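In case you want the letters, here they are:
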Amino acid sequence: TIMHAPTGLYVYGGYGQQNNEAFEAAGDDGESTTWFVQAGIERKWLPLGKTTIFGEYRHDNAGFSSTDIDLNDGAGGSDVQNSEFDFYAAGIVQNIDAAAMDLYIIYRHSEGELTNATTTGDIDDFDMLMSGARIQF
């Protein structure tokens, strides 16, 4: 994470890789990866507390699986050879200092695809709107 303190502009990111030896022993690719980046601004525009406005992107590659999945609408399944997912989000978080509370609203969108030996198939897109509050005590 890096933030320019005078303006409140920030960037946050990460990368992860997992190796599953059980999958590798079964002949599958046991490696999966994910990376993400979030950028935003955090400032005190209201006397209540700091407001954070952000956008983010995440990409997951879950690798190979010996699970048979039918991508051909009933024509039979075969091993998933690759799966990739993309996630997009944007949100606003309002801190209320006097109550040690955050109010938030976040929109998330995800989309992805699976590839087997013969076909690449899209996974249905998913959209979600979350709102709520978090009180720290």
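Residues numbered from 1 in each chain as written. Predicted model: local features only at pLDDT ≥ 70, side-chain atom pairs only at ≥ 80, totals over all residues. Heavy atoms only, no water.

Engineer: Please explain the sheet that holds strand β7 (residues 82–96) as it appears in this structure.
Structural biologist: The strands making up a sheet associate through backbone hydrogen bonding, with each pair oriented either parallel or antiparallel. One open sheet accounts for 7 strands, arranged β1-β2-β3-β4-β7-β8-β9; its pairing is antiparallel. In the strand order of this sheet, the two ends are held by β1 (2–4) and β9 (120–135), each with one partner. Averaged over all pairs of adjacent strands, the angle between strand axes in this sheet comes to 10°, irrespective of strand direction. The pairing of strand β2 (residues 9–19) with strand β3 (residues 31–46) spans 11 bridges and is classified as antiparallel. In the sheet register, Asn19 faces β3, and the bridge partner there is Glu31. (Pairing = 2+ DSSP bridges. Helix = DSSP H or I, 4+ residues; strand = E, 2+ residues; numbered from the N terminus. Axes fitted to C-alpha atoms, helices over the stretch in contact; angles between N-to-C directions.)

Engineer: It is not clear to me how the packing of aromatic side chains should be interpreted in this structure. Could you clarify?
Structural biologist: Ring pairs (aromatic) are described by centroid distance and by the angle formed between their planes. By the definition in use, this model includes 3 aromatic pairs. Ring plane angle 55° and centroid distance 5.2 Å describe the contact between Trp35 and Tyr57, whose orientation is recorded as tilted. Taken together, the positions of Trp35 in strand β3 and Tyr57 in strand β4 (residues 49–61) put the pair 22 residues apart, joining distant regions of the chain. With 5.3 Å between their ring centres and 50° between their planes, Tyr57 and Tyr88 make a pair best called tilted. Of this pair, Tyr57 sits in strand β4 while Tyr88 sits in strand β7, placing them 31 residues apart in sequence. The partly exposed category is assigned to Tyr88, whose relative accessible area is 35%. Within the aromatic cluster, the residues linked to one another by ring pairs are Trp35, Tyr57 and Tyr88. Arg58 extends its terminal NZ or CZ atom over the ring of Phe87, reaching a point 4.1 Å from the ring centre. (Phe/Tyr/Trp six-rings, centres within 6.5 Å; stacked < 30°, edge-to-face > 60°. Buried < 20%, exposed > 50% of the residue type's maximum accessible area, 1.4 Å probe, protein only. Lys NZ or Arg CZ within 6 Å of the ring centre and 35° of its normal.)

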